[in-house]
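Each chain is listed here by its residues.
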Amino acid sequence: GKTTLLKCLLGREPADAGKAALGQAVTVGYFDQHLGALDDEMEVVDAVRPPHKEFVEQQRRNLLARFGITGDMAFQKIGSLSGGERCRVALARLAAHDANVLVLDEPTNHLDLWARDALEKSLREFDGTVLFVSHDRYFVNQVADHLLVVESARFRVVEGNYEAYQILVRERAAAAAADKDRDGRAPAKAERREARPAEADGSKRKRKFPFRKTEDIEAEIFERESRIEELHELLAQPDTHRDGERVRALTAEIAQQQETLQSLYAHWEEAAELNW
């Protein structure tokens, strides 16, 4: 749904209702998580060439070097690159197009720790507007200053990053608990509502995950995100690359941790919606 929203805003998908219009003098650069803008048969150094201005080969190679694409890699075919390398080329191509609005769909997918740090720094220094979708909460915390929070029946804008949103959720939960304490009849009402989820009027969906407190889920998310950061740092060490078995083990654990994280994010969203 998030990718579809971005495409509707850009006019790449028709909206079911409503409309989106770009402001005057807005130039959009779009990063597609599937990297569809890159031609597998094109050399890297040509793939970043902007169509609207003169950009000689040395300028393009200098730009690619900022994204960790150096030496003979600049003359490889796009199709021969790894997922992380393709992602870096796509970001370099975006930088060459002089956009003042960047629309990024999961820009940290496939990026190693070094590349993510470089991307975070460049986005913080960017003078224009950035609209992005990401499951990387650390990245969101480093870059975002506004969130569009989509809830079951509405959306709202929250000023701040993901940590600010978590604080807001906790305050909302505390206020709801205080209201129940002030009214002794409220828990009974809540229990009656919980006893007939979704079957009477469809107003509350059934749980997909077992009941857990949001703060407990957040604690596990933080623990696993911290472990992923640690694994990326280990993977980036020169000694690690001399041990193929260790590289495979670290890569496998990263994949497993990320898979578990996706489930935890969904569990947290459900708990935030239903644990009132």
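Residues numbered from 1 in each chain as written. Predicted model: local features only at pLDDT ≥ 70, side-chain atom pairs only at ≥ 80, totals over all residues. Heavy atoms only, no water.

**Some remarks on a nonpolar patch on the surface**
Part 1 of the reasoning: A cluster of nonpolar side chains, contributed by L5, L9, L131, L148, V150, F155 and V157, occupies part of the molecular surface with about 660 Å² of accessible area.
Part 2 of the reasoning: Given the relative accessible area of 64%, V150 is considered exposed. (Patch = residues over 30% accessible without salt bridge, like charges linked within 9 Å, V, L, I, M, F, W, Y side chains within 5 Å. Areas by Shrake-Rupley, 256 points an atom, 1.4 Å probe, with all protein chains shown as cover. Salt bridge = Lys/Arg side-chain N within 4 Å of Asp/Glu carboxyl O. Buried < 20%, exposed > 50% of the residue type's maximum accessible area, 1.4 Å probe, protein only.)

**Let's talk about the pattern of salt bridges**
Part 1 of the reasoning: Tallied over the entire structure, the rule returns 13 salt bridges.
Part 2 of the reasoning: Close ionic contact of E125 with K121 constitutes a salt bridge, the shortest N to O distance being 2.7 Å. Of this pair, E125 and K121 are both found in helix 5 (residues 113–125), four residues apart, which corresponds to roughly one turn of the helix.
Part 3 of the reasoning: By relative accessible area, K121 is classed as partly exposed at 46%.
Part 4 of the reasoning: With a shortest N-O distance of 2.7 Å, E230 and R227 are connected by a salt bridge. Pair noted here: E230 and R227 are both in helix 9 (residues 214–236), with a separation of three residues, about one helical turn.
Part 5 of the reasoning: A relative accessible area of 24% places R227 in the partly exposed class. (Helix = DSSP H or I, 4+ residues; strand = E, 2+ residues; numbered from the N terminus.)

**Details of the confidence of the model for the protein chain**
Part 1 of the reasoning: Within the protein chain, residue pLDDT values average 81, and 91% of them lie at 70 or more.
Part 2 of the reasoning: Helix 8 (residues 186–195) is the least confidently modelled element of the protein chain, averaging 43 in pLDDT, while strand 3 (residues 129–133) averages 92, the highest of any element.
Part 3 of the reasoning: Across residues 186–202, confidence stays below pLDDT 50; counting only partners more than four residues off in sequence or on other chains, it has ten contacts. (pLDDT = per-residue confidence, 0-100. Contact = heavy atoms within 4.5 Å.)

**A look at the packing of aromatic side chains**
Part 1 of the reasoning: One pass over the structure, following the stated rule, counts four aromatic pairs.
Part 2 of the reasoning: When the ring of Y162 is compared with that of W268, the centres are 6.1 Å apart and the planes differ by 50°; the resulting orientation is tilted. Taken together, the positions of Y162 in helix 7 (residues 162–182) and W268 in helix 10 (residues 244–274) put the pair 106 residues apart, joining distant regions of the chain. Residue Y162 shares its accessibility class with W268, and that shared class is buried.
Part 3 of the reasoning: Judged by centre distance (5.9 Å) and plane angle (65°), the ring pair of Y165 and W268 falls under edge-to-face. Here Y165, found in helix 7, pairs with W268, found in helix 10; they are 103 residues apart in sequence, far enough to count as distant. When sorted by exposure, Y165 lands in the same class as W268, which is buried.
Part 4 of the reasoning: Here the aromatic cluster, defined as three or more aromatic residues joined through ring pairs, consists of Y162, Y165 and W268. (Phe/Tyr/Trp six-rings, centres within 6.5 Å; stacked < 30°, edge-to-face > 60°.)

**Things to note about helix 10**
Part 1 of the reasoning: An ideal rise of 1.5 Å per residue puts 45 Å on 31 residues; helix 10 measures up with 45 Å between its terminal C-alpha atoms.
Part 2 of the reasoning: Residues L250, I254, Q257, L261, L264, Y265, H267, W268, E270, A271, A272 and L274 constitute the buried set of helix 10.
Part 3 of the reasoning: For helix 10, the N-terminal cap is D243; the gap from its side-chain oxygen to the backbone nitrogen of E245 is 3.2 Å. (Expected span 1.5 Å × (residues − 1). Polar contact = N/O pair within 3.5 Å; in protein donor to acceptor, adjacent residues only side chain to side chain.)

**Section: the pairing of strand 4 (residues 146–150)**
Part 1 of the reasoning: Residues L147 and V149 of strand 4 are buried on one face, while the alternating residues H146, L148 and V150, pointing to the opposite face, are not.
Part 2 of the reasoning: Relative to strand 5 (residues 155–159), strand 4 is paired through five bridges, and the arrangement is antiparallel. Each bridged residue has a counterpart across the sheet, and for L148 the counterpart in strand 5 is V157.
Part 3 of the reasoning: What sits between strand 4 and strand 5 in their antiparallel hairpin is a turn of four residues. (Pairing = 2+ DSSP bridges.)

**What about unusual backbone geometry?**
Part 1 of the reasoning: Positive phi values are uncommon outside glycine, yet A25 reaches one of about 70°.
Part 2 of the reasoning: Among the secondary structure elements, A25 is positioned in the loop between helix 1 (2–9) and strand 1 (28–31).
Part 3 of the reasoning: Accessibility expressed as a relative area gives 64% for A25, which makes it exposed.

**Considering the pairing of strand 2 (residues 101–105)**
Part 1 of the reasoning: Taken across its five residues, strand 2 has five buried, putting it largely inside the fold.
Part 2 of the reasoning: Pairing geometry for strand 1 and strand 2, over four bridges, is parallel. Paired with F31 across the two strands is L104, which belongs to strand 2.
Part 3 of the reasoning: In the sheet, strand 2 pairs with strand 3 via five bridges, with the strands oriented parallel. By the bridge assignment, V103 is partnered in strand 3 with L131.
Part 4 of the reasoning: For the crossover that starts at strand 2, traverses helix 5 and ends in the parallel strand 3, the hand is right-handed. (Right-handed = clockwise from strand over helix to strand, strands pointing away.)

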